[in-house]
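Okay, here's what each chain looks like letter by letter:
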Amino acid sequence: MTSSNASRHGDGTRTPGWKAAVAVVAEWWFRLVRQFQAAAHPRDPERGDVPGWVMITLMSAILVAGLLLLVQPALERLFESAIEQVQP
């Protein structure tokens, strides 16, 4: 019923294809701009600092790895002595 270059509105009027395409692109652009604005100005100032949390997590992982390197021989001896004490 509708031609390939026109679309029908809810009230039965026809809109040429290019106008419908412009309307779709304008709506998409408006949503994109709103997303950028929301990202630039968050509504919740208590939301947190992502780079700060990443840095804390990375520093904690490095600290654990460093401590593991220092105490690994002692932990291995402790584990081996515990296994030797187990009776079959």
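Residues numbered from 1 in each chain as written. Predicted model: local features only at pLDDT ≥ 70, side-chain atom pairs only at ≥ 80, totals over all residues. Heavy atoms only, no water.

1. Topic: the overall build of the protein
To be explicit about the condition: A helix here means a DSSP run of H or I that spans at least four residues, while a strand means a run of E at least two residues long, and both kinds are numbered starting from the N terminus. Between buried and exposed lies partly exposed: a residue is buried under 20% and exposed over 50% of the maximum accessible area for its type, with that area taken using a 1.4 Å probe on protein chains only. Using the Shrake-Rupley algorithm and a 1.4 Å probe, accessible areas are obtained, with residue cover drawn only from the displayed protein chains.
Per the secondary structure count, the protein includes 2 helices and 2 strands. Mapped in sequence order, the helices and strands of the protein form the string β-β-α-α. Expressed as a percentage of the 88 residues in the protein, the buried residues total 3%. Taken as a whole, the protein presents about 8500 Å² of accessible surface, with 67% of it coming from carbon and sulfur.

2. Some details on the packing of aromatic side chains
Here the distance between the centres and the angle between the planes together describe a pair of aromatic rings. Operational definition: Within 6.5 Å between ring centres, the rings of Phe, Tyr and Trp (the latter by its six-membered ring) count as paired, and their orientation is classed by plane angle as stacked under 30 degrees, edge-to-face over 60, tilted in between.
Applying the stated criterion across every chain, the model contains 1 aromatic pair. On the basis of an interplanar angle of 50° and a centroid distance of 6.4 Å, the ring pair of W28 and W29 is categorised as tilted. Take W28 and W29: they sit in the same class, and that class is exposed.

3. Focus on the confidence of the model for the protein
For clarity, the cut-off: Values of pLDDT, which run from 0 to 100, indicate the predictor's confidence residue by residue. Residue contacts are counted whenever heavy atoms from the two residues lie within 4.5 Å of one another.
With 75% of its residues at a pLDDT of at least 70, the protein reaches an overall mean of 80. For the protein, per-element mean pLDDT is lowest for strand β1 (residues 6–8), which scores 51, and highest for helix α2 (residues 50–85), which scores 91. Predicted confidence is poor over residues 1–6, with pLDDT under 50, and the contacts of this stretch with residues over four places away or in other chains come to 11 contacts.

4. Topic: a nonpolar patch on the surface
Note the following rule: Surface patches are defined over residues having more than 30% relative accessible area and no salt bridge, joining like charges when they lie within 9 Å and nonpolar side chains (Val, Leu, Ile, Met, Phe, Trp, Tyr) when within 5 Å. The salt bridge criterion pairs a side-chain nitrogen of Lys or Arg with a carboxyl oxygen of Asp or Glu, the two atoms within 4 Å.
A cluster of nonpolar side chains, contributed by L63, L67, L68, L70, V71, L75 and L78, occupies part of the molecular surface with about 700 Å² of accessible area. With respect to the helices and strands, the residue L75 is situated in helix α2.

5. A short note on the pattern of salt bridges
When the charged atoms of two side chains lie near each other, side chains of opposite charge can form a pair. Considering all chains together, one arrives at 1 salt bridge under this definition. Put simply, E27 and R31 hold a salt bridge, and the shortest N to O gap is 2.9 Å. Placement of both E27 and R31 in helix α1 (residues 17–40) is noted, with a separation of 4 residues, approximately one turn of the helix.

6. Observations concerning α2
Structural remark: α-helix, 3.6 residues per turn; residues separated by three or four positions point the same way. Put simply, the rule reads: Think of it this way: the bend at a residue is just the angle between two axes, each fitted to seven residues, one set ending at that residue and the other starting at it.
At V71, α2 is bent by approximately 55°, the largest bend along its length, and proline P73 sits one to four residues beyond. Counting buried positions along α2 gives 1 out of 36 residues, so the element sits mostly on the surface.

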